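Next come the chains, spelled out residue by residue.
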Amino acid sequence: EVNLALSLHAPNQPMREKIVPSAKGTPIESLIEALDSHMMALTKRKLLENPQEDDKATDFNAEERQTASKKKRAMIEYVMLVGDTSTIEAAHQLGKLCEGRHLVVNLIPYNKTDVKDKLDCPSEEHMQKFRRIVSSYGSFCSIRRTMGADIAGACGQLVVEQEKKQVV
């Protein structure tokens, strides 16, 4: 079996496109459909092996998706940035997007670099509140522990340091 991780970074299409302009080519709805398809693959295969059970091998209700997702997990990787994508409203939108799917949502604190964009990470307290809201919709939600930021060796920081060395 294959597990799937989706880097989402925003709970709706307009916010996604603002952060990642190339997201225009892939609507958020199609990404969620891909997650559903991944989680339902085992169930679909069983139904196709036993066609007498049901002729609707691709139509699944929320209960069937929840049952299947207990066997096969998909994860949403969500970078926490100060701004629109980390508001309380965004937490509710992300929770609703994941509702009924038993997804694992991994909130990733942004690791500050010295690139020209002055991005920042929300406070620990704010991320905990965001996590609780997303979890209230039924998904397992955690905050990834950050390691290596003190030596500029955390996720996203090493490539910036390497590029600096190449320029010199």
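I will try to describe carefully the structure that is included in this document.

Rules used in this analysis
Residues numbered from 1 in each chain as written. Predicted model: local features only at pLDDT ≥ 70, side-chain atom pairs only at ≥ 80, totals over all residues. Heavy atoms only, no water. Salt bridge = Lys/Arg side-chain N within 4 Å of Asp/Glu carboxyl O. Helix = DSSP H or I, 4+ residues; strand = E, 2+ residues; numbered from the N terminus. Buried < 20%, exposed > 50% of the residue type's maximum accessible area, 1.4 Å probe, protein only. 1 Å grid on protein atoms, 1.4 Å probe; cavity = no way out; pocket = protein on both sides within 12 Å on 5 of 7 lines; lining within 4 Å. Points joined across faces, edges and corners; volume = space filled by probe spheres on them. Nonpolar A, V, L, I, M, F, W, Y, C, P; charged D, E, K, R; others polar. Pairing = 2+ DSSP bridges. Arc of directions from axis to C-beta. Lys, Arg positive; Asp, Glu negative; His and termini not counted. Contact = heavy atoms within 4.5 Å.

## Notes on the pattern of salt bridges
Using the criterion set out here, one finds two salt bridges in the structure. D84 serves as the salt-bridge partner of K18, at 3.6 Å between the closest nitrogen and oxygen. One end of the pair, K18, is in helix 1 (residues 13-19); the other, D84, is in the loop between strand 2 (74-80) and helix 4 (88-98), and 66 residues separate them in sequence. Classification of D84 as partly exposed rests on a relative accessible area of 44%.

## What about the layout of surface pockets?
In this structure, the largest pocket spans a volume of roughly 350 Å³. In terms of lining residues, the largest pocket is bounded by 13 residues, among which K18, I19, L81, T85 and L119 are the most central. Considering every element that reaches the lining of the largest pocket, the biggest residue donor is helix 1, with three residues. Here the lining of the largest pocket is built from residues that sort into seven nonpolar, three polar and three charged.

## Considering the pairing of strand 2
The buried fraction of strand 2 is high, at six of seven residues. Bridging between strand 1 (residues 4-7) and strand 2 involves four bridges; their strand directions are parallel. When the sheet's bridge partners are listed, L4 is paired in strand 2 with A74. Where strand 2 meets strand 3 (residues 104-109), six bridges bridge the pair, whose relative direction is parallel. Its bridge partner being in strand 3, I76 is matched across the sheet by V105.

## Some points on helix 4
Regarding helix 4, the residues found buried are A90, A91, L94, G95, L97 and C98. Down the axis of helix 4, the sector holding all buried residues measures 160°, keeping them to one side. Facing away from the buried surface of helix 4 by more than 90 degrees, the exposed residues are E89 and K96. G100, located one to two residues past helix 4, shows a positive phi value of around 80°.

## Some remarks on unusual backbone geometry
Although it is not a glycine, H9 sits at a positive phi angle of roughly 70°. Within the secondary structure, H9 sits in the loop between strand 1 and helix 1.

## A word on the side chain of R16
Inspection of the secondary structure assignment puts R16 in helix 1. Buried within the structure, R16 lacks any salt-bridge partner; E17 is the closest side chain of opposite charge, at an N-O distance of 6.3 Å. When residues no more than four places from it in sequence are discounted, the contact partners of R16 are L8, A10, A23, T26, P27, I28 and L31.

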